[in-house]
Amino acid sequence: MCNLWILIFIAFIFFNIIAYFVPKKLSKIEIYATCFFAYAYGITTDMIFDLHLHLYGYFQKGFQWLGLLGIILYFPAISFLFLNHYPSEKKVTQKWFYIFLWSLFAVIFEWLSVKAGYFYYNGWKLWYSGALYPPIFLSLVINHKLVKGLLKKFQNSF
């Protein structure tokens, strides 16, 4: 039987292709800051929940190179796609609905990752992720606002 987790990596590659070709609304430095923040956030979260608390993991217990590759391919691309289309000029209700939709996408993709054997739970529940994704996406928005503010200060200093 085919390893279904390979389909997850195909999805990761697909997300990166979309991120590469989509019209960019963010500047290069905003893209860099977003991707680096997402990567650091993902690694930190996984260090705590996976390697320290053993609540979930990639493939099997302990560090996995393919798990790291997945983090590198998934978190930056999804974070960029989320922020690139974030409705920052819209009403608060539209912003929350946008975050809800992305959170729903993330929960569904996580569920598929578990079913494919890429990801496993060891005490973790899918609803924990459902509760955590909105604050995670909100943290991306807050980080982006901080980066834009710092860029503005930097540009005004010259």
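Above this text you will find the structure in question.
Residues numbered from 1 in each chain as written. Predicted model: local features only at pLDDT ≥ 70, side-chain atom pairs only at ≥ 80, totals over all residues. Heavy atoms only, no water.

Colleague: Explain helix H1 (residues 5-21) residue by residue, including any values.
Modeller: Count 3.6 residues to each turn of an α-helix, and residues three or four apart come out pointing the same way. If you check H1, its first and last C-alpha atoms are 25 Å apart, about what 17 residues at 1.5 Å a residue would give, namely 24 Å. Buried residues along H1 sit in contact with helix H3 (65-84) and helix H4 (92-116). (Helix = DSSP H or I, 4+ residues; strand = E, 2+ residues; numbered from the N terminus. Expected span 1.5 Å × (residues − 1). Contact = heavy atoms within 4.5 Å.)

Colleague: Describe unusual backbone geometry, naming the residues involved and giving the relevant values.
Modeller: Backbone geometry places His54, a non-glycine residue, at a positive phi of 55°. Summarising the element assignment, His54 is placed in the loop between helix H2 (28-52) and strand E1 (56-58). Residue class for His54 comes out partly exposed when judged on its relative accessible area of 31%. (Buried < 20%, exposed > 50% of the residue type's maximum accessible area, 1.4 Å probe, protein only.)

Colleague: Which residues make up the packing of aromatic side chains, and what are the values?
Modeller: In this structure the tally under the stated criterion is 37 aromatic pairs. Where Phe9 meets Tyr118, the ring centres are 5.5 Å apart and the plane angle is 85°; that geometry is what we call edge-to-face. Of this pair, Phe9 sits in helix H1 while Tyr118 sits in the loop between H4 and strand E2 (119-121), placing them 109 residues apart in sequence. Of the two residues examined, Phe9 and Tyr118, each falls in the buried class. Taking 5.6 Å as the distance between ring centres and 75° as the angle between the ring planes, the aromatic pair formed by Trp102 and Phe105 counts as edge-to-face. One end of the pair, Trp102, and the other, Phe105, are both in helix H4, three residues apart, so they sit about a helical turn from each other. Among the residues examined, Trp102 registers a relative accessible area of 16% and is labelled buried. (Phe/Tyr/Trp six-rings, centres within 6.5 Å; stacked < 30°, edge-to-face > 60°.)

Colleague: Break down H4 for me, with residues and values.
Modeller: In this model H4 runs 36 Å from its N-terminal to its C-terminal C-alpha over 25 residues, within 8% of the 36 Å that 1.5 Å per residue would give. Among all positions of H4, only Lys95, Tyr98, Ile99, Trp102, Ser103, Ala106, Val107, Phe109, Glu110, Ser113 and Ala116 are buried. Where H4 ends, the next residue or the one after it, Gly117, has phi of about 85°, a positive value.

Colleague: How would you summarise the packing of H2 against H3 if you had to cite specific residues and measurements?
Modeller: The contact between H2 and H3 brings their axes to 8 Å, and the two run at 135°. Relative to H3, H2 is oriented oblique. Every pair of crossing elements has a handedness; the one defined by H2 and H3 is right-handed. Between H2 and H3, the contacting residues are Ile31, Thr34, Cys35, Ala38, Tyr39, Gly42, Ile43 and Asp46 on the first element and Leu68, Ile71, Ile72, Phe75, Pro76, Ser79, Phe80 and Leu83 on the second. Across the contact of H2 with H3, the residue classes tally to twelve nonpolar, three polar and one charged. (Axes fitted to C-alpha atoms, helices over the stretch in contact; angles between N-to-C directions. Parallel < 35°, antiparallel > 145°, perpendicular 65-115°, else oblique. Left-handed = near helix turned anticlockwise from the far one by under 90°. Nonpolar A, V, L, I, M, F, W, Y, C, P; charged D, E, K, R; others polar.)

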